[in-house]
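# An overview of the molecular structure
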Amino acid sequence: MSKYSKEDIFRIVEEEDVEFIRLQFTDIFGMLKNVAITKNMLGKALENRCMFDGSSIEGFVRSEESDMYLYPDLDTFEIFPWRPQQGKVARLMCDVHCPDQTPFEGDPRFVMKKVLKKASDMGFVFHAGPECEFFLFHMDEEGRPTTDTHEMAGYFDVAPIDQAENVRRDMILTLEEMGFMIEASHHEIAPGQHEIDFQYAEGMVTADNIMTFKMAVKAIAKRHGLHATFMPKPKAGVNGSGMHINMSLSDLTGKNIFEDKEDELGLSQTAYQFMAGILHHMKGMTILTNPLVNSYKRLVPGYDAPVYVAWSARSNRSSLIKIPCARGESTRIELRSPDSAVNPYLALAACLAAGLDGIEKKMTPPESVDCNGYSMSVEEMAAKGIEQLPETLGEAIEAFRKDEFMKEVLGEHIYTKYLEAKEAEWRVFRAQVTDWEVEEYLYKY
């Protein structure tokens, strides 16, 4: 059932003194875009008649086919609490359509909808919950972000050691005002690093919430004179920021079908097959869960991030997938490799599609790895058939290029544009000379 009707939105806009509405959408790299309209144009927007130039958005269309239309999702209407309280600003998340009214195949939300429809046709509803980590850094005198922080707090520390406790509180209150159900927040392992977890939800709602979360966190941080970054590894020598994704399937009545009380681990065959599908396709979709050159600086041993394609029946932090101890309606799997730089629509769509493929093909996961994977030798890993995640964006590109399944999930348009962009990013990075190289080699050679 829909949350809002058109009449509801018109009424709220009048009652709440909303003057501007931002029509938001996402490009294929997960960058939030928008077109701002006044309330006088709201009727036109709700009739799906607002256009924008798609050729100006990277990865969308060519200049000779630039006209695109925004179709607002009424249930995503929210007022920004951090904007002025007179002449308020609201937003609507939008789907992108072509001039002939067909959905644009380059729209990440369209990809997500396709995979969710497949799940529904199979009798499943997909649920996901992210654990979003980020850093708070100081700004310089000109208002540009730095990687400096005055605090030295660590995991679960409290004020006054955790100097950003009030900033997190402000973020949470803002998010709750926008309808989020915040489950937990805390200081993370590295100085300046934080985590806020929000409630599990249906797949599309979760993807929209991730985009809203990042926007709100950045806005509130700026009000406190800080810069919030979701860059995976902004500083060497400390842990990077991940975005662990908890996932489960329910049937159409809402019953969690990952649970089986008769199983030793409390998992159903469907859960095992879903997990096997993700493990099978993981290398090919790593470029979607870890999309930046910088993402692979986080995926190294010793910094609490997984590097091996394995799962653990226990809370083994070195495994790619772990099974949280909660059971019943909370039975789920946790994918630990993604970071917050993802495009959430593409990453969640890839996870769901891979899991569904595992169910369709009745895949069986390999043996659980319950020891510390970081301490295993190369020979032990080979004996267990454990593969390693791509170590660089270059390796992720090669795995993505070879994976026809990912091409099928994303569609020709996004697959091609995404691959081209990441190849270009990798070429540029490979040509850079870093400070480390200069310091290491200049005086020696």
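Just above sits the structure.
Remember, it's a predicted structure, so these values are computed and weren't measured experimentally. (Residues numbered from 1 in each chain as written. Predicted model: local features only at pLDDT ≥ 70, side-chain atom pairs only at ≥ 80, totals over all residues. Heavy atoms only, no water.)

### Some details on the overall build of the chain
The test is simple: The way it works is that DSSP assigns letters per residue, a run of H or I at least four long becomes a helix, a run of E at least two long becomes a strand, and they are numbered from the N terminus. All radius of gyration figures rest on C-alpha atoms, and the globule criterion is 2.2 Å times the number of residues raised to 0.38. Burial classes follow relative accessibility: with a 1.4 Å probe on protein chains only, a residue under 20% of its type's maximum area counts as buried, one over 50% as exposed, and anything between as partly exposed. Every residue pair with non-hydrogen atoms within 4.5 Å of one another is taken to be in contact.
Counting its regular elements, the chain contains 13 helices and 16 strands. In terms of C-alpha radius of gyration, the chain reaches 22 Å, essentially the compact-globule figure of 22 Å for 445 residues. The principal-axis extents of the C-alpha atoms in the chain amount to approximately 70 × 55 × 50 Å. Across the 445 residues that make up the chain, the buried fraction comes to 55%. Pairs at least 24 apart in sequence give 70% of the contacts found in the chain among residues at least 6 apart.

### Quick notes on the pairing of strand S2 (residues 32-38)
It is a general feature of regular strands that their side chains alternate between the two faces of the sheet. To keep it simple, the criterion reads: Only strands joined by at least two bridges in the DSSP assignment are considered to pair.
Here strand S1 (residues 18-26) runs beside S2; their pairing, made up of 7 bridges, is antiparallel. By the bridge assignment for S2, Phe25 is matched with Lys33. The loop that links S1 with its antiparallel partner S2 comprises 5 residues; one of these, Gly30, has a positive phi angle of about 85°.

### As for the packing of aromatic side chains
Stated formally: Centre distance within 6.5 Å is the pairing criterion for rings of Phe, Tyr and Trp, where only the six-membered ring of Trp is used; planes under 30 degrees apart are then read as stacked, over 60 as edge-to-face, and the remainder as tilted. Look at NZ for Lys and CZ for Arg. If either is within 6 Å of the ring centre and within 35 degrees of the ring normal, a charge sits over the ring.
Within this structure, the stated rule accounts for 17 aromatic pairs. Considering the side-chain rings of Tyr4 and Phe77, the 6.1 Å spacing of their centres and the 90° angle between planes classify their relative orientation as edge-to-face. Of this pair, Tyr4 sits in the segment before helix H1 (6-15) while Phe77 sits in the loop between strand S4 (67-72) and strand S5 (78-79); the two residues are 73 residues apart in sequence, bridging distant segments of the chain. Ring plane angle 70° and centroid distance 6.2 Å describe the contact between Tyr272 and Trp311, whose orientation is recorded as edge-to-face. In this pair, Tyr272 sits in helix H6 (residues 269-289) while Trp311 sits in strand S13 (residues 308-312), placing the two residues 39 residues apart along the sequence. Given a relative accessible area of 12%, Tyr272 falls into the buried group. Members of the aromatic cluster, joined through ring pairs, are Phe134, Phe180, Phe198, Phe213 and Phe230. Across the ring face of Phe230, the terminal group of Lys214 is positioned such that the distance to the ring centre comes to 5.9 Å.

### A word on the state of the cysteines
Stated precisely, the cut-off is as follows: Only a pair of cysteine sulfur atoms within 2.5 Å qualifies as a disulfide here.
On inspection of all chains with the given rule, the structure shows 0 disulfides. There is no disulfide at Cys132, and the cysteine sulfur nearest it, in Cys351, is 14 Å away. Judged by its relative accessible area of 0%, Cys351 falls in the buried class.

### So, the packing of helix H10 (residues 393-402) against helix H12 (residues 412-430)
Rules: To get an axis, fit a line to the C-alpha atoms, keeping to the stretch in contact for a helix; angles then go from 0 to 180 degrees between the N-to-C directions. For classification purposes, an angle smaller than 35 degrees is called roughly parallel, one larger than 145 roughly antiparallel, one from 65 to 115 roughly perpendicular, and anything else oblique. Take the far helix as the reference: if the near one is turned anticlockwise from it by less than a right angle, the crossing is left-handed, and if turned clockwise, right-handed. Nonpolar residues are Ala, Val, Leu, Ile, Met, Phe, Trp, Tyr, Cys and Pro. Charged residues are Asp, Glu, Lys and Arg, and all others, Gly as well, are polar.
The contact between H10 and H12 brings their axes to 10 Å, and the two run at 155°. Overall, the two elements H10 and H12 adopt an arrangement that is roughly antiparallel. Our pair here, H10 against H12, has a crossing hand that is left-handed. Residues Leu393, Gly394, Ile397, Phe400 and Arg401 of H10 pack against Tyr415, Tyr418, Leu419, Lys422, Glu423, Glu425 and Trp426 of H12. Residues belonging to the contact of H10 with H12 are distributed by class as follows: 7 nonpolar, 1 polar and 4 charged.

### Examining the pattern of salt bridges
Note the threshold: The working definition used for a salt bridge is a side-chain nitrogen of Lys or Arg within 4 Å of a carboxyl oxygen of Asp or Glu.
Using the criterion set out here, one finds 24 salt bridges in the structure. Across the pair Asp8 and Arg11 runs a salt bridge whose closest N-O atoms are separated by 3.5 Å. Remark: Arg11 and Asp8 occur in helix H1; sequence separation between them is 3 residues, near one turn of the helix. According to the relative accessible area criterion, Arg11 is partly exposed, its value standing at 40%. Across the pair Glu14 and Lys39 runs a salt bridge whose closest N-O atoms are separated by 3.8 Å. Separated by 25 residues along the polypeptide, Glu14 in helix H1 and Lys39 in the loop between S2 and helix H2 (42-46) bring together distant segments of the chain. Judged by relative accessible area, which is 53%, Glu14 ranks as exposed. The structure contains a network of salt bridges with shared partners spanning Asp73, Asp95, Arg109, Lys113 and Asp208.

### Description of the pairing of S1
In terms of strand pairing, S1 meets strand S6 (residues 88-97) through 6 bridges, oriented parallel. Bridge pairing in S6 links Arg22 to Arg91.

### Observations regarding the side chain of Thr146
Rules: For this analysis, a polar contact is any N or O atom pair within 3.5 Å, provided that within protein one partner can donate a hydrogen and the other can accept it, and provided that sequence-adjacent residues contribute only side-chain to side-chain pairs.
As for its position among the elements, Thr146 is in the loop between strand S7 (125-138) and helix H4 (165-177). There is a polar contact of 2.7 Å between the side chain of Thr146 and the backbone oxygen of His138. Residues within four places of Thr146 in sequence aside, it is in contact with Phe137, His138, Met139 and Asp140.

### Concerning unusual backbone geometry
The phi dihedral of Asp17 is positive, around 55°, even though this residue is not glycine. Turning to its location among the elements, Asp17 is positioned in the loop between H1 and S1. Since its relative accessible area comes to 31%, Asp17 is described here as partly exposed. Even without a glycine there, the phi angle at Lys362 is positive, about 50°. Mapping Lys362 onto the fold places it in the loop between helix H8 (344-360) and helix H9 (378-383).

### Digging into H8
An α-helical segment advances 3.6 residues per turn. Residues three or four places apart therefore align on the same side. Inclusion rule: Expected helix span is given by 1.5 Å per residue-to-residue step, counting one fewer step than there are residues.
The end-to-end C-alpha separation of H8 is 24 Å, in line with the 24 Å expected for 17 residues at 1.5 Å each. H8 sits mainly inside the fold: 16 of its 17 residues count as buried. The backbone nitrogen of Tyr345 has a side-chain oxygen 3.1 Å away, supplied by the residue at the start of H8, namely Asn343. Downstream of H8 by one or two residues, Lys362 has phi in the positive range, about 50°.

### Some points on the environment of Val238
Take Val238: it is sitting in the loop between strand S11 (226-229) and strand S12 (243-250). When sequence neighbours within four positions are dropped, the list of residues in contact with Val238 reads Phe135, Ala190, Lys233 and Tyr303.

Remember that the coordinates give geometry; whether it matters functionally is a separate question.
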